[in-house]
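# Structural description and commentary
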Amino acid sequence: MKYLSTRDPFVRVTAAEAIVRGLSAEGGLFLPESIPQVTPGELRELCALTYVERAERILAPYLTDFSVEELADCVRSAYGTQFAVEDIAHLALLDENTGMLELFHGPTCAFKDVALQLLPRLFAVSAQKTGAGELVILVATSGDTGKAALEGFRDVPGTRVLVFYPSEGVSPMQRLQMITQEGGNMGVCAVAGNFDDAQTGVKEIFTDSAVIADLSARGLAFSSANSINWGRLVPQIAYYFSAYCDLVNTGSVEFGNKVNFVVPTGNFGNILAAYYAREMGLPIGKLICASNQNCVLTDFIRTGTYNARRDFFTTISPSMDILISSNLERLLFLLSGQETAKTVDWMNSLRKNGDYTVPQDILDKLQALFWAGSCDEESTRDTIANVWHKNAYLCDPHTAVGVDVLQQYRDATGDATMAVVAATASPFKFVTPVLEALNGLVPEGDEFELAERLVAETAQICPEQLLHLRDKPVRFPSIVEKDGMRRAVSEMLD
Ligand SMILES: *Cc1c(COP(=O)(O)O)cnc(C)c1O
């Protein structure tokens, strides 16, 4: 399997190169030249397997330059006891036709762990194959990726991790998780501004020839652990297959029947993985894209115009506070019939004018696959409270956005197909809005007092790794302006 770039028709690289480089030199995103197929017979076989075995089978045709043993080693060590549940991506039922795919049982309590426990292991093998030197993993985070990358790459030989997070927006627990991170190969720095400022800054540094020259003089090269890296996206395909198998095994779905997936979306990585699962042959009906008040994707999927020139809202679901949704570029490339020229035009228009419009035929294809809705702050809180009171299920705000948009979809279409909502974070990472939702009052106290109160009120278990943050010293207090990011990179590398 070779990998193409969304922006240059002449690029063709191996999986290992795509993973090591993260982003193609001209700024395009890598993606596989074809989509491997899973037959119904193979899908039935998957149902009898463990999560690790399912992941090995789904990943293998994408990573053909990895040997069976290499891939098995990576997958087995990624999905071990660092997850609090044996089935890794645990499927819970909210009611008889709604499943919750709990992706937050990893070390940092967000779905990013499922990819970021595996990615560093894929990196190590890929770096060996490509003869890459030491890699600097540059991360822009809206809250969860940063911590998951720090944890995944902690003390991995041949790598350093530099994380930029927006000073406005991440939850106090998310910030604490990052600034107290242990390990010798990392740096963390706040950027004054929002996630788009941090992400745009990181993308510029990535392709800045002076910075790259400075790095190569030190024997270093950049790579990415954001979902622009294919190695970050591919592990996520596996859990859609796994969820389907679990539904079949528990009798919730008859084998072969379709399931809808609802994905709380920001950078469009997680839902793009669901799209790949569908294209591989998983019986998926609609892919439901759930946004918070930053509803740029909802508007795009409904109208065909992507317009990022709008107010940015800092919400209680900060990991979805994004106006430039990077992975959409991959989908547009695919829906346009792999036309780099069109993709480049749209991306240039987005950069220069802040918007682009796709033609009707692409919009038709998009709407045949996707349905989109958004959920404001009040509805997010109402949903947390309603789901708790009605189903005794405690959602974090991101997951609540998904549950609300699923209800919107059902009301609008009458489609009662079994639907699975990706539950993307633990409610204990967002204790303030969750308690506010349950009690109608903004709670007072520090994160740990509030976590204890949430335990007392709901009898849910707070993940230990969050409680332990209380006693950890702050290692990374710095904050820089956006134009100070370049200097921060070289200082963190010194
Ligand atoms: C990252 C994140 C999202 C958004 O996922 P994308 O792949 O960026 O669309 C949603 N919820 C949580 C909790 C996240 O951390």
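Here, every reference points to the structure presented above.
We now turn to the structure provided with this report. The structure displayed is predicted, hence computed values, not measured ones. (Residues numbered from 1 in each chain as written. Predicted model: local features only at pLDDT ≥ 70, side-chain atom pairs only at ≥ 80, totals over all residues. Heavy atoms only, no water.)

### Looking at the packing of helix H13 (residues 296-303) against helix H16 (residues 360-369)
Short version of the rule: Axes here mean lines fitted to C-alpha atoms, for a helix over just the part in contact, with angles spanning 0 to 180 degrees between N-to-C directions. Secondary structure follows DSSP: runs of H or I at least 4 residues long count as helices, runs of E at least 2 residues long count as strands, and numbering of each begins at the N terminus. It only takes one pair of heavy atoms within 4.5 Å for two residues to be counted as in contact. Throughout this entry, Asp, Glu, Lys and Arg are counted as charged residues, while Ala, Val, Leu, Ile, Met, Phe, Trp, Tyr, Cys and Pro are counted as nonpolar. The remaining residues, Gly among them, count as polar.
Between H13 and H16, the shortest axis-to-axis distance is 8 Å and the interhelical angle comes to 115°. Contacts between H13 and H16 involve Phe300, Ile301, Arg302 and Thr303 from the first element and Leu363, Leu366 and Gln367 from the second. A breakdown of the residues in the contact of H13 with H16 according to their chemical character gives four nonpolar, two polar and one charged.

### A word on the packing of helix H12 (residues 269-280) against helix H14 (residues 328-335)
Convention followed: Throughout, the term roughly parallel applies to angles under 35 degrees, roughly antiparallel to angles over 145, roughly perpendicular to angles from 65 to 115, and oblique to all others.
For the pair H12 and H14, interaxial distance at closest approach is 9 Å and the crossing angle is 30°. With respect to their mutual orientation, H12 and H14 come out roughly parallel. Along the contact surface, H12 presents Leu272, Tyr275 and Tyr276, while H14 presents Arg330, Leu331, Leu334 and Leu335. Looking at the contact of H12 with H14, its residues break down into six nonpolar, no polar and one charged.

### Concerning the site of the ligand
Selection rule: Any residue with a non-hydrogen atom lying within 4 Å of a molecule or strand is treated as near it. Think of a polar contact as two N or O atoms within 3.5 Å of one another; within protein, one of them needs to be a possible hydrogen donor and the other a possible acceptor, and neighboring residues in sequence only count if both atoms come from side chains.
Surveying the vicinity of the ligand reveals 15 residues, the closest of which are Lys112, Asp144, Gly266, Asn267 and Asn270. Within the backbone of Asn267, an N or O atom sits 2.8 Å from an oxygen atom of the ligand. Contacts to the ligand include Gly269, whose backbone N or O atom sits 3.2 Å from an oxygen atom. Residues of the shell around the ligand, tallied by class, amount to five nonpolar, eight polar and two charged.

### What about the nonpolar core?
Note the cut-off: Buried Ala, Val, Leu, Ile, Met, Phe, Trp, Tyr and Cys residues that are joined via side-chain atoms within 4.5 Å together make up what is termed a nonpolar core. Relative accessibility decides the category of a residue: with a 1.4 Å probe and only protein chains considered, values under 20% of the type maximum give buried, values over 50% give exposed, and everything between is partly exposed.
Counting 117 residues, the largest nonpolar core has Tyr79, Ile237, Phe241, Tyr275, Tyr356 and Phe370 as the members making the most contacts within it. The dominant element in this core, judged by the number of residues it contributes, is helix H11 (residues 230-249), at 13 residues. Residues within four places of Ile237 in sequence aside, it is in contact with Ile58, Tyr62, Trp230, Ala273, Tyr276, Ala277 and Met280. Within the second largest apolar cluster, 40 residues are counted, among which are Cys395, Tyr409, Val421 and Phe428.

### Observations concerning the pattern of salt bridges
The test is simple: By definition, a salt bridge exists where a carboxyl oxygen of Asp or Glu is found within 4 Å of a side-chain nitrogen of Lys or Arg.
Taken as a whole, this structure holds 20 salt bridges when the rule is applied. For Glu151, the salt bridge goes to Arg154, with nearest N and O atoms at 3.6 Å. Given the relative accessible area of 36%, Arg154 is considered partly exposed. With a shortest N-O distance of 3.0 Å, Arg470 and Glu452 are connected by a salt bridge. Here the residue Arg470 occupies a position in the loop between helix H21 (464-467) and strand E16 (479-480), and Glu452 occupies one in helix H20 (residues 447-458), the gap between them amounting to 18 residues.

### Some remarks on the pairing of strand E9 (residues 220-224)
The side chains of a regular strand alternate between both faces of the sheet. What counts here: We treat two strands as partners when DSSP finds at least two bridges between them.
Among the five residues that make up E9, four are buried, leaving the element largely enclosed by the rest of the structure. Two strands pair when backbone bridges link them, and strand E6 (residues 134-140) and E9 are joined in this way by five bridges, in the parallel orientation. The residue of E9 that forms the bridge with Glu134 is Leu220.

### Regarding helix H22 (residues 485-493)
Convention followed: The directions considered for the arc are those from the helix axis to the C-beta atoms.
If you check which residues of H22 are buried, you get Met485, Ala488, Val489 and Leu493. End-on, the buried residues of H22 take up no more than an arc of 130°, which puts them together on one face.

### A word on the side chain of Glu56
Mapped onto the secondary structure, Glu56 falls in helix H3 (residues 51-59). Here Glu56 falls in the buried class, since its relative accessible area comes to 16%. Filtering out sequence-adjacent residues up to four positions away, Glu56 remains in contact with Leu71, Ala72, Val75 and Arg76.

### Brief notes about the packing of aromatic side chains
Condition: The criterion for an aromatic pair is that two Phe, Tyr or Trp rings (for Trp, the six-membered ring) have centres within 6.5 Å, with stacked assigned to planes under 30 degrees apart, edge-to-face to planes over 60 apart and tilted to the rest. Remark: a charge is flagged as sitting over a ring if the NZ atom of Lys or the CZ atom of Arg is within 6 Å of the ring centre and within 35 degrees of the ring normal.
The final tally for this structure, using the stated rule, is 18 aromatic pairs. Residues Tyr239 and Tyr240 carry aromatic rings whose centres are separated by 5.1 Å and whose planes lie at 50° to one another, so their mutual orientation is tilted. Tyr239 sits in the buried class, given a relative accessible area of 0%. In textbook terms, an aromatic cluster arises when at least three aromatic residues are bridged by ring pairs, as seen for Tyr3, Tyr62, Trp230, Phe268, Tyr275, Tyr276 and Phe370. Between the NZ or CZ atom of Lys129 and the centre of the ring of Phe66, over which it lies, the distance is 5.7 Å. Its guanidinium or amino end placed over the ring of Trp371, Arg302 lies 5.4 Å from that ring's centre, counting from NZ or CZ.

### Here we look at the environment of Gly337
By the secondary structure assignment, Gly337 is in the loop between H14 and helix H15 (340-353). Taking relative accessible area as the criterion, Gly337 reaches 53% and is therefore assigned exposed. Note: C-alpha distance between Gly337 and Ile362 (25 residues apart in sequence) is 9.7 Å.

### Overview of H16
Among the residues of H16, Ile362, Leu363, Leu366 and Leu369 are the ones counted as buried. Buried residues along H16 cover an arc of 130° about the axis, so they all sit on one side. Residues of H16 that are exposed and point more than 90 degrees away from the buried face comprise Gln360 and Ala368. Where H16 is buried, its residues meet H12, strand E11 (284-291), H13, H14, H15 and strand E14 (370-374).

### What about the sheet that holds E16?
Taken in spatial order, the five strands of this open sheet run E9-E6-E7-E8-E16, and their pairing is parallel. The open sheet has two edge strands with one neighbour each: E9 and E16. Together, E6, strand E7 (159-166) and strand E8 (186-191) form the strand contacts of helix H7 (residues 144-153), whose direction differs from that of E7 by roughly 165°.

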